[in-house]
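Reading the structure
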Amino acid sequence: MTIAHGLLPEGLRDRLPPQAEAASRLLHHVIVAINRHGYERVSPPLAEFEESLLGRLKSARKQDLLRFVDPVSQRSLALRPDITGQIGRIATTRLNHRPRPLRLAYGGTVMKLRATQLRPERELMQAGAELIGNDSVAAVIEILGMAVETLKIAGVKEISIDLTLPDLVERLADTTLPIDASKKEKLFAVLDAKDAGGLSELDATGYRPLLEAAGPFDEAIEKLQPMAEKLGFADRLEALKTIRASLDPSVHVTLDPTERHGFEYQTWIGFSLFGSGILGEIGRGGSYTIIHQDKREEQAVGFSLYIDPLVDAGLGQKKSRKLFLPLGHDPEQARAFRQEGWITIAALDEEDDPVRHQCTDILTGGHIKPL
Ligand SMILES: N[C@@H](Cc1c[nH]c[nH+]1)C(=O)O
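Residues numbered from 1 in each chain as written. Predicted model: local features only at pLDDT ≥ 70, side-chain atom pairs only at ≥ 80, totals over all residues. Heavy atoms only, no water.

An unreviewed UniProt entry lists the protein chain under the name tRNA synthetase class II (G H P and S), with Zymomonas mobilis subsp. mobilis given as the organism.

**A closer look at the UniProt feature "binding site: L-histidine" (unreviewed entry) in the protein chain**
Residues annotated by UniProt as "binding site: L-histidine" (unreviewed entry) correspond here to D82, I83, T84, Q126 and E130. For this annotated set, covering 49 residues, all C-alpha atoms fall within 12.7 Å of each other, a compact arrangement in space. In the annotation above, D82, T84, Q126 and E130 are the residues that line the largest pocket. Taking the relative accessible area as the measure of exposure, D82 reaches 17% and is therefore buried. Within polar-contact distance, the side chain of D82 engages the side chain of Q126 at 2.7 Å. Taking relative accessible area as the criterion, I83 reaches 0% and is therefore assigned buried. In contact with I83, not counting residues within four places along its chain, are P44, Y106, G107, G108, V110 and Q126. (UniProt positions renumbered as here; feature names shortened; annotations may be inferred. 1 Å grid on protein atoms, 1.4 Å probe; cavity = no way out; pocket = protein on both sides within 12 Å on 5 of 7 lines; lining within 4 Å. Buried < 20%, exposed > 50% of the residue type's maximum accessible area, 1.4 Å probe, protein only. Polar contact = N/O pair within 3.5 Å; in protein donor to acceptor, adjacent residues only side chain to side chain. Contact = heavy atoms within 4.5 Å.)

**Concerning helix α9 (residues 217–231)**
Compared with an ideal rise of 1.5 Å per residue, which puts 15 residues at 21 Å, α9 spans 20 Å between its outermost C-alpha atoms and is within 8% of the ideal. Of all the bends found along α9, the most pronounced is centred on L224 and spans about 40°, while P226, a proline, follows it within four residues. Here α9 has its buried residues at F217, A220, I221, L224, Q225, M227, A228 and L231. Buried positions along α9 lie against β7 (159–164), α5 (168–174), α8 (208–213), β8 (215–216), α10 (234–246) and β9 (252–255). Directly after α9, the chain includes G232, whose backbone phi takes a positive value near 80°. (Helix = DSSP H or I, 4+ residues; strand = E, 2+ residues; numbered from the N terminus. Expected span 1.5 Å × (residues − 1). Bend = angle between axes of the 7 residues up to and from the residue.)

**So, the pairing of strand β6 (residues 123–132)**
Burial runs high along β6: nine of the 10 residues are buried. Summarising the sheet, strand β5 (residues 102–111) and β6 pair through 10 bridges and their orientation is antiparallel. Bridging across to β6, R103 finds its partner in L131. (Pairing = 2+ DSSP bridges.)

**Thoughts on the site of the ligand**
As a matter of local geometry, the ligand sits amid 14 residues, with D82, T84, Q266, S304 and Y306 nearest to it. Between R284 and the ligand, the recorded distance is 3.2 Å, taken from a side-chain N or O atom to an oxygen atom. Residue S304 places a side-chain N or O atom 2.8 Å away from a nitrogen atom belonging to the ligand. For the ligand, whose free accessible area comes to 310 Å², the fraction covered by protein is 97%. (Near = heavy atom within 4 Å. Areas by Shrake-Rupley, 256 points an atom, 1.4 Å probe, with all protein chains shown as cover.)

**As for the pairing of strand β12 (residues 297–306)**
Burial within β12 is extensive, with eight of its 10 residues counted as buried. Direction of pairing for β6 relative to β12: antiparallel, over a ladder of seven bridges. Note that in β12 the partner of A127 across the bridge is L305. Note: strand β11 (residues 283–291) against β12, nine bridges, orientation antiparallel. Following the sheet pairing, G285 is matched in β12 by F303. Taken together, β11 and the strand that follows it, β12, pair antiparallel across an intervening segment of five residues, in which K295 is found at a positive phi of about 75°.

**So, the pattern of salt bridges**
All chains considered together, the criterion is met by 26 salt bridges. D308 is the salt-bridge partner of R15, the closest N and O atoms lying 3.2 Å from each other. Pair noted here: R15 is in the segment before α1 (19–35) and D308 is in helix α11 (residues 307–312), with a separation of 293 residues, a long-range link. The class for R15 is partly exposed, based on a relative accessible area of 24%. Looking at D308, the relative accessible area reads 7%, which means it is buried. A salt bridge links D256 to K194, with the shortest nitrogen-to-oxygen separation between them at 3.1 Å. (Salt bridge = Lys/Arg side-chain N within 4 Å of Asp/Glu carboxyl O.)

**Some remarks on the nonpolar core**
Counting 73 residues, the largest nonpolar core has L163, L187 and Y207 as the members making the most contacts within it. At eight residues, helix α4 (residues 137–153) tops the list of elements feeding residues into this core. What L163 contacts, discounting residues up to four positions off in sequence, is L144, F217, L240, V253, T254, L255, D256, I269, G270 and F271. In terms of nonpolar packing, the next biggest core, distinct from the first, is built from 17 residues, I83, I90, I132 and A300 among them. (Core = buried A, V, L, I, M, F, W, Y, C linked by side-chain atoms within 4.5 Å.)

**So, the sheet that holds strand β2 (residues 47–49)**
Spatial strand order, β2-β4-β3: three strands in an open sheet with antiparallel pairing. The open sheet has two edge strands, β2 and β3 (66–69), and neither has a second partner. Geometrically, the sheet is characterised by an average inter-axis angle of 35° between neighbouring strands, direction not taken into account. With four bridges joining them, β3 and strand β4 (residues 76–79) adopt antiparallel strand pairing. (Axes fitted to C-alpha atoms, helices over the stretch in contact; angles between N-to-C directions.)

**With respect to the sheet that holds strand β16 (residues 367–370)**
Strand order in this open sheet of four strands is β14-β13-β15-β16, and the pairing throughout is mixed. Of all strands in the sheet, those bounded by a partner on one side alone are β14 (343–346) and β16. With direction set aside, neighbouring strand axes in the sheet form an average angle of 30°. Strand direction decides the pairing type here: strand β15 (residues 361–364) and β16, joined by four bridges, are antiparallel.

Right, here's the structure in full:
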């Protein structure tokens, strides 16, 4: 079968002007903003041994990887679906000797095996920060505050955060709200589907207040408080309240205590980030556990921002003035203009004209003249 000229595999696309430029500008702004908080950049490779991509985080899943056999090493390699796991690997190997907390920043493309309904692309650009060696409330406040600050710098207006407690259901199922081991997976599925009826069938109506509480932050906390005190997770609600109070009051916060989708490795706290007028999530993060080679566990917290939805919303674009340089212009003078920030288009022949190149200005007699 021949492949139509220019066709790309499902979920892959070319970024064209002006979006390609906007994407690299946004990535740069995001990394610089993260850097200013003392997070040092690392750049892991696009592909690595399949087992090292899976090995460092709890619950990283093989079925989420785009894998292939490397003809050179004959080993199974995979394209990274997420950079956080690679940061975990770096933290436990090459940077294992560095004092904690370790603050690392990253940015690059990731490859998902499957697209989602909201995001049909499989190749996405991710940029983020990981704080390794600490998952305290103070660490979460630093990470979430940075995520909000960075999104504002990227031009996002009206930021919303959806907080979640990814391991709460599991913790309750193992302790104060016990459920038969054989029913556990079913319970997770029913809660993931927000199926209150399913809870009755499972004889697990004790979990219903968790579903009913989901919504705006203050109301959700109020609804959860009695249950939290009775079932021993009031400490979690206190932590959430402190985190909420640290956030810019203009940020809209909701709480969905059972949401686990997309939080496969996050532990006590997770969050999704949204921006008004932007389709889908623009970032996600939370606390998680990194496993060392000697099986020792280390706590961490971080966030990843997704650059593509920001680009699609028109962010990162900059209107530049474009200067047409006719034949015979002075190259030294042109270089000086570029240093000042001008974009120049040099004529290639007598017929070349500034309109064809959408120039805003022209150089005549050594002077810039607006068109
Ligand atoms: N990398 C995760 C988010 C995250 C970063 N650090 C912890 N969690 C994601 O994109 O879903």
